[in-house]
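So the chains spell out like this:
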Protein chains: 2
Amino acid sequence: MTPSHRSNCPVARTLDLVGDRWTLLVMRDALMFKAKSFAEFEQNPEKIPTSVLADRLKRLVETGFLTKVPYQKKPTRHHYVATEKAKALRPVIQAMKKFGEAELKG
Amino acid sequence: MTPSHRSNCPVARTLDLVGDRWTLLVMRDALMFKAKSFAEFEQNPEKIPTSVLADRLKRLVETGFLTKVPYQKKPTRHHYVATEKAKALRPVIQAMKKFGEAELKG
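Residues numbered from 1 in each chain as written. Chains lettered and ligands numbered in written order. Predicted model: local features only at pLDDT ≥ 70, side-chain atom pairs only at ≥ 80, totals over all residues. Heavy atoms only, no water.

A. Highlighting the overall build of chain A. Looking only at helices and strands, chain A has 6 helices and 2 strands in total. Order of helices (α) and strands (β) in chain A, N terminus to C terminus: α-α-α-α-β-β-α-α. Seen through its C-alpha atoms, chain A measures out along the principal axes to roughly 45 × 40 × 25 Å. Out of the 106 residues in chain A, the part that is buried amounts to 46%. Contacts in chain A between residues at least 24 apart in sequence constitute 41% of all its contacts with a sequence separation of at least 6. In the form shown here, chain A has an accessible surface area of approximately 5,600 Å², with 55% of it arising from carbon and sulfur atoms. Distance from the positive charge centre (20 side chains) to the negative charge centre (11 side chains) of chain A: 5 Å. (Helix = DSSP H or I, 4+ residues; strand = E, 2+ residues; numbered from the N terminus. Buried < 20%, exposed > 50% of the residue type's maximum accessible area, 1.4 Å probe, protein only. Contact = heavy atoms within 4.5 Å. Areas by Shrake-Rupley, 256 points an atom, 1.4 Å probe, with all protein chains shown as cover. Lys, Arg positive; Asp, Glu negative; His and termini not counted. Charge placed at Lys NZ, Arg CZ, Asp CG, Glu CD.)

B. Structural detail: the nonpolar core. Met27 and Phe65 of chain A together with Met27 and Phe65 of chain B are the most contacted members of the largest nonpolar core, which totals 62 residues. Apart from the residues within four sequence positions on either side, phenylalanine 65 of chain A is in contact with Leu17, Val18, Met27, Leu60, Val81, Ala82, Thr83, Lys85, Ala86 and Leu89 of chain A together with Phe99 of chain B. (Core = buried A, V, L, I, M, F, W, Y, C linked by side-chain atoms within 4.5 Å.)

C. Summary view of the interface of chain A and chain B. In this assembly, 37 residues from chain A lie in contact with 36 residues from chain B. With both chains or domains summed, chain A and chain B bury close to 3,300 Å², and 71% of this area falls on carbon and sulfur atoms. For the pair chain A and chain B, the interface holds 2 salt bridges. Linking arginine 21 of chain A and aspartate 16 of chain B is a salt bridge whose minimum nitrogen-to-oxygen distance equals 2.7 Å. Joining chain A to chain B, the criterion identifies 9 residue pairs in polar contact (both at pLDDT 80 or more). Broken down by secondary-structure element, the contributors of at least two residues to the side of chain A that touches chain B are α1 (10-18), α2 (21-31) and α6 (90-103) of chain A. For the side of chain A that touches chain B, the residue count by class is 20 nonpolar, 5 polar and 12 charged. (Buried area = accessible area lost by both parts, 1.4 Å probe. Salt bridge = Lys/Arg side-chain N within 4 Å of Asp/Glu carboxyl O. Polar contact = N/O pair within 3.5 Å; in protein donor to acceptor, adjacent residues only side chain to side chain. Nonpolar A, V, L, I, M, F, W, Y, C, P; charged D, E, K, R; others polar.)

D. Focus on the pattern of salt bridges. Scanning all chains against the criterion turns up 18 salt bridges over all chains. Arginine 28 of chain A is the partner of aspartate 29 of chain A in a salt bridge, and the nearest nitrogen-oxygen pair spans 2.9 Å. In terms of burial, aspartate 29 of chain A and arginine 28 of chain A fall into one category: buried. Aspartate 20 of chain B is paired through a salt bridge with arginine 56 of chain B; the nearest N and O atoms lie 2.7 Å apart.

E. Structural detail: the packing of aromatic side chains. Residue and element names in this part refer to chain B. For the coordinates displayed, the defined rule picks out 4 aromatic pairs over all chains. Directly above the aromatic system of tryptophan 22 lies the positively charged group of arginine 21, at a separation of 5.0 Å from the ring centroid. Directly above the ring of phenylalanine 65 sits lysine 85, whose terminal nitrogen or CZ lies 4.7 Å from the centroid. (Phe/Tyr/Trp six-rings, centres within 6.5 Å; stacked < 30°, edge-to-face > 60°. Lys NZ or Arg CZ within 6 Å of the ring centre and 35° of its normal.)

F. Structural detail: the relation of the copies chain A and chain B. For the match of chain A to chain B, the screw axis carries a shift of 0.0 Å, the RMSD comes to 0.0 Å, and the turn is 180 degrees. On the angle and the small slide along the axis, the relation comes out as a two-fold axis. Of all interface residues in chain A, 97% are interface residues in chain B too; the two copies therefore contact each other through one and the same surface. (Least-squares fit on C-alpha atoms with pLDDT ≥ 70 in both.)

Nothing here speaks to function; it is all geometry.
Below, the structure is given as structure tokens:
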């Protein structure tokens, strides 16, 4: 999750950005289940703690995977929308889905 | 990394097993760079701490991703070899490699 790249390996660099469980589950919800609002992300079945969700959303905006789109003023509210960069993560999540389905049966 | 599945989502279940940065880097080394001995895993460019490596190898054996194969007696020494189950992780690591190469340039 740190932006410092400790090696030039592209796998390691990807993991530096999104290599923790909750970050990838947040991106799963954004990309696969079209979660947008904080409340929608919070409803995931893995019961992400609120503080962890707030932290991961903030980091994902900072690292350019999500962008905040305002949809209401007074009070200001916004949605979190996956960027083009984030969409390139889809094959990673799909590969995990396939692995999970095939190998973790039962 | 906990074996308890907190949801039925196959992505979440995969992440329960291998969803931390070091675990996936250890599996990268086993699957892509054919690391076998503790010393070989320890040489990775990300400088995995020795205690973390020992913990992750132990867990990966427990969860059936690596198997210990003895190659010497007195003193007993063994290699860590990827199981068939682990080989199914290759597409996940390859998808991360592709993402890293494409999106994290420069």
